[in-house]
Amino acid sequence: FGIHALLIVTVTLSPATTTAQSEKDATREDVYPPLWDLAPENLLDFPVMNKKIIINAWNYQERLGVYKNLLKSSVKYFTTFGSQNFGNILWGLPLQHGWQFHTGRLADPSGLTSCGYEDGHLLCISVRSWWACMNYYLSVIPFLGAVEAGLFGQLQYEIEILPPEERRADFCYSVADCRSRFPKLMDEWKDYFEVNTFSSFKLDDALGLMWRAHVTSIAYALPKFQDSLKYLSDPEANFGEDWANAVDFIAATHFSTDLQTINNFQAFLPQRMLFEGDVLSSISDFSPQQKRVLLSLRALHKANRLTGGLVLKLWRKAMSTEAGRKMGRKLIEDLTSS
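Per an unreviewed UniProt entry, the protein chain goes by the name LEG1H protein and belongs to Nyctibius grandis. Checking UniProt for the protein chain, the heading Sequence similarities (unreviewed entry) contains the comment "Belongs to the LEG1 family." What UniProt states about the protein chain under its Subcellular location (unreviewed entry) heading is, verbatim, "Secreted".

### Digging into the confidence of the model for the protein chain
Looking at the protein chain as a whole, its pLDDT mean stands at 88, while 88% of the residues score no less than 70. For the stretch residues 9–27, pLDDT sits under 50, and the model shows 37 contacts to residues farther than four places along the chain or on other chains.

### Description of the pattern of salt bridges
Applying the stated criterion to the full structure yields 22 salt bridges. Across the salt bridge formed by Arg179 and Asp187, the nearest N and O atoms sit 2.8 Å from each other. What makes Asp187 partly exposed here is its relative accessible area of 36%. Close ionic contact of Arg325 with Asp204 constitutes a salt bridge, the shortest N to O distance being 2.8 Å. Taken as a pair, Arg325 in helix α14 (residues 322–337) and Asp204 in helix α9 (residues 203–224) lie far apart in primary sequence, 121 residues in all. Under the relative-accessibility criterion, Arg325 is labelled buried at 11%. Residue class for Asp204 comes out buried when judged on its relative accessible area of 10%. Here the salt bridges do not stand alone but share partners, grouping Lys184, Glu188, Asp191 and Arg212 into one network.

### Section: the nonpolar core
Counting residues in each nonpolar core, the largest one holds 93 residues, and the members touching the most others are Phe143 and Trp243. Sorting elements by how many residues they give to this core places α9 first, with nine residues.

### Side note on the state of the cysteines
Linking two cysteines covalently via their sulfur atoms produces the bond known as a disulfide. The full count for this structure, using the stated rule, is two disulfides. In this model Cys115 forms its disulfide with Cys124; the gap between the sulfur atoms is 1.9 Å. Here Cys115 and Cys124 share a disulfide; its torsion about the S-S bond, -90 degrees, makes the bridge left-handed. Classification of Cys124 by relative accessible area gives partly exposed; the value is 24%. The disulfide that involves Cys172 links it to Cys178, with 2.0 Å between the sulfurs. Judged by the sign of its S-S torsion, about 95 degrees, the cystine formed by Cys172 and Cys178 is right-handed. We note that Cys172, like Cys178, is buried.

### Points about helix α4 (residues 92–102)
With respect to burial, α4 is a largely interior element, 10 of its 11 residues being buried. Along α4, the residues classified as buried are Gly92, Leu93, Pro94, Leu95, Gln96, His97, Gly98, Trp99, Gln100 and Phe101. Where α4 is buried, its residues touch α3 (60–73), α5 (130–136), α8 (183–195), α9, α10 (234–252) and α11 (259–266). Positive phi appears at Gly104, one or two residues downstream of α4, with a value of about 80 degrees.

### Re the packing of α4 against α11
Packed helices, taken two at a time, are described by the angle between their axes plus the distance between the axes. Where α4 contacts α11, the two axes come as close as 9 Å, and the packing angle between them is 30 degrees. For the crossing formed where α4 meets α11, the hand is right-handed. Of α11, the residues touching α4 (which contributes Gly92, Leu95, Gln96 and Trp99) are Leu259, Ile262, Asn263 and Gln266. When the residues that make up the contact of α4 with α11 are grouped by side-chain class, the tally is four nonpolar, four polar and no charged.

### Some remarks on the sheet that holds strand β1 (residues 48–49)
Spatial strand order, β1-β2-β3: three strands in an open sheet with mixed pairing. Of all the strands in the sheet, just β1 and β3 (158–161) have a single pairing partner and so form its edges. Where β1 lies against strand β2 (residues 52–55), two bridges are found, and the strand directions are antiparallel. Paired with Val48 across the bridge in β2 is Ile53. Across the face of the sheet, helix α6 (residues 140–149) comes into contact with β2 and β3 while running at roughly 170 degrees to β3.

What counts, and where the lines are drawn
Going along each chain's sequence as written, the residues are numbered from 1 onward. In keeping with the model being predicted, local features are shown solely for residues with a pLDDT of at least 70 and side-chain atom pairs are shown and tallied solely at 80 or more, while totals for entire chains, interfaces and linings include all residues. Side-chain measures were taken over the full set of non-hydrogen atoms in the model, leaving aside hydrogen atoms and water. UniProt positions are given in the numbering used here, feature names are shortened, and annotations may be inferred rather than shown by experiment. Known as pLDDT, the predictor's confidence for each residue is given on a scale from 0 to 100. In what follows, a contact means two residues having at least one pair of non-hydrogen atoms within 4.5 Å. Put simply, a salt bridge is a Lys or Arg side-chain nitrogen that is within 4 Å of an Asp or Glu carboxyl oxygen. Relative accessible area decides the class of each residue, using a 1.4 Å probe on protein chains only: under 20% of the type maximum gives buried, over 50% gives exposed, and in between gives partly exposed. Numbering goes from the N terminus for both helices and strands, where a helix is a DSSP run of H or I of at least four residues and a strand is a run of E of at least two. Only buried Ala, Val, Leu, Ile, Met, Phe, Trp, Tyr and Cys residues count toward a nonpolar core, and they belong to the same one when joined by side-chain atoms within 4.5 Å. By convention in this document, the label disulfide applies to cysteine sulfur atom pairs within 2.5 Å. Helix axes are fitted only over the stretch in contact, all axes being lines through C-alpha atoms; the angle between N-to-C directions runs from 0 to 180 degrees. For any pair of crossing helices, the crossing counts as left-handed if the nearer helix is rotated counterclockwise from the farther one by less than a right angle, and right-handed if it is rotated clockwise. Amino acids outside the nonpolar list (Ala, Val, Leu, Ile, Met, Phe, Trp, Tyr, Cys, Pro) and the charged list (Asp, Glu, Lys, Arg) are all regarded as polar, and Gly is one of them. The rule for pairing is simple: two strands pair if DSSP sees at least two bridges between them.

Structure follows, in structure tokens:
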């Protein structure tokens, strides 16, 4: 039953991606998140004040810079997995963040400010955005975990993250702050970055640690930002929760999060926010594949919820061996590349 439920989702992914990949091959810059070239690529590219590196994680370009520094500093561990750092399994995080920016999901959904809008402050990330708040736990906290793990070596300055204008208590702002408030989460990201420093690590082990931390980040953030869903249309709020649920299933396979795989994979995601009145089966500006995927994600989430999590439990059991995970990954990869 669990495997059948995930099949409902994965079977729908394939038709949307072939055209998208050929288009990306034609315009190579499209494989990177928007404004990637403009993001800070060294920690000292961020402002330094009072012997602290100050990062505004509520600015898209600076949050993207956090990812860019992670990618750049971990390149040496992924040289055997492809040229130009394309095989680095951290690509999934900035590519997902870029999709959020491109589709308007980081802007103020309440409409009370111009944060994130083209006619206002385009690079502003709104603390009222459910997507932006969830992403904080998949950007700033992994980054500070990497700092603690020594990925950037011995830093001459401490790092401080600027707080948002609202909800300051829902986030942490330095290694020490995050360590005191979310020790388990910091441990899991630190474990991931430390395994990369081994001279010979198995990619499956690294993917397992990365996905474990990823799922834990979502588990911490989901209940915290439940009240932010009220700013979204019902279809968009449902999609957000459906997507968070689907990540648990994808994570269990140790799915590869390198640059090309994630670009292929993201092709089926909706390229705009869902509006009130959008009926998933008949959204006129979505492709048939995108509509089927949205419906399938909804069905998977509903089935998992109605069975009290049994669907996910069965799927995780099927994915508990390396052979099982290999089959799970191949299933998804075959279906998204055929």
